[in-house]
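Listed below are the residues making up each chain.
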Amino acid sequence: MEKLQTSSRQAEIEATFTTLVNQWREENRGVSSTNQMCMHPAYQQIIGMDEAVIPLLLRELEKKSGRWFWALKSISREDPVPPNYRGNTKEMTKAWLEWGKQRGYEW
């Protein structure tokens, strides 16, 4: 029964996450300000979902890139990106995906 509750809870988290991501994308079309995008209520709600969404954020990062670095940094309280890679989305993405693998996250 516990496994069923866990998978049900995970499905609920994933559904909420997907809804928030879609809302965030829709309402930020044409927005270029990272600060404005990251302060959007849907983005903030994703951060509020805490560590349960880290694998989902890593999957989004791998799939579509996007602006998930701020959320990952806020939730994990870590930043695996070396200073010389800041601003280089491809290298930042690689650093975060490697960070996730090293910590055993699966996505």
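Residues numbered from 1 in each chain as written. Predicted model: local features only at pLDDT ≥ 70, side-chain atom pairs only at ≥ 80, totals over all residues. Heavy atoms only, no water.

Turning to the packing of aromatic side chains, a few remarks are in order. On inspection of all chains with the given rule, the structure shows six aromatic pairs. Centre to centre, the rings of W24 and W68 are 4.7 Å apart; their planes meet at 45°, and the pair counts as tilted. With W24 in helix α1 (residues 2–27) and W68 in the loop between α4 (54–64) and α5 (69–76), this pair connects stretches of sequence that are 44 residues apart. There is no split in this pair, since W24 and W68 are both buried. Between W96 and W99 the ring centres are 5.0 Å apart and the planes differ by 70°, which places this aromatic pair in the edge-to-face class. In this pair, W96 and W99 both sit in helix α6 (residues 89–102), three residues apart, roughly one turn of the helix. Each member of the pair, W96 as well as W99, is classed as buried. Cluster of aromatic residues (ring-pair linked, three or more members): F17, W24, Y43 and W68. (Phe/Tyr/Trp six-rings, centres within 6.5 Å; stacked < 30°, edge-to-face > 60°. Helix = DSSP H or I, 4+ residues; strand = E, 2+ residues; numbered from the N terminus. Buried < 20%, exposed > 50% of the residue type's maximum accessible area, 1.4 Å probe, protein only.)

Formed by 29 residues in total, the largest nonpolar core has its most connected members in I46, V53, L57, W68 and W96. Going through the elements one at a time, α1, α2 (34–38), α3 (41–48), α4, α5 and α6 are the ones with two or more residues in this core. Once residues within four sequence positions are removed from consideration, L57 is found in contact with F17, I46, W68, A71, L72 and I75. (Core = buried A, V, L, I, M, F, W, Y, C linked by side-chain atoms within 4.5 Å. Contact = heavy atoms within 4.5 Å.)

On the secondary structure map, R59 appears in helix α4. By relative accessible area, R59 is classed as partly exposed at 25%. On a C-alpha basis, the gap between R59 and W107 in space is 5.5 Å, while along the polypeptide they are 48 residues apart.

Attention now moves to α6. Look at α6: 20 Å from first C-alpha to last across 14 residues, which is about the 20 Å you get at 1.5 Å a residue. For α6, the set of buried residues is E91, M92, T93, A95, W96, L97, W99 and G100. In this structure, the buried residues of α6 make contact with α4 and α5. One or two residues past the end of α6 sits G104, with phi positive at roughly 85°. (Expected span 1.5 Å × (residues − 1).)

What follows deals with unusual backbone geometry. The phi angle of most residues is negative, glycine excepted, and most peptide bonds adopt the trans form. For D50, which is not glycine, the phi torsion reads 65° and is therefore positive. Tracing the chain through its elements places D50 in the loop between α3 and α4. Note on D50: relative accessible area 41%, which makes it partly exposed.

The next point concerns α4. The complete set of buried residues in α4 reads I54, P55, L56, L57, L58, E60 and L61. Two residues or fewer past α4, S65 is found with a positive phi of approximately 55°.

When the charged atoms of two side chains lie near each other, side chains of opposite charge can form a pair. Using the criterion set out here, one finds nine salt bridges in the structure. Put simply, R103 and E78 hold a salt bridge, and the shortest N to O gap is 2.9 Å. Of this pair, R103 sits in the segment after α6 while E78 sits in the loop between α5 and α6, placing them 25 residues apart in sequence. For R103, a relative accessible area of 40% corresponds to the partly exposed category. Given the relative accessible area of 32%, E78 is considered partly exposed. (Salt bridge = Lys/Arg side-chain N within 4 Å of Asp/Glu carboxyl O.)

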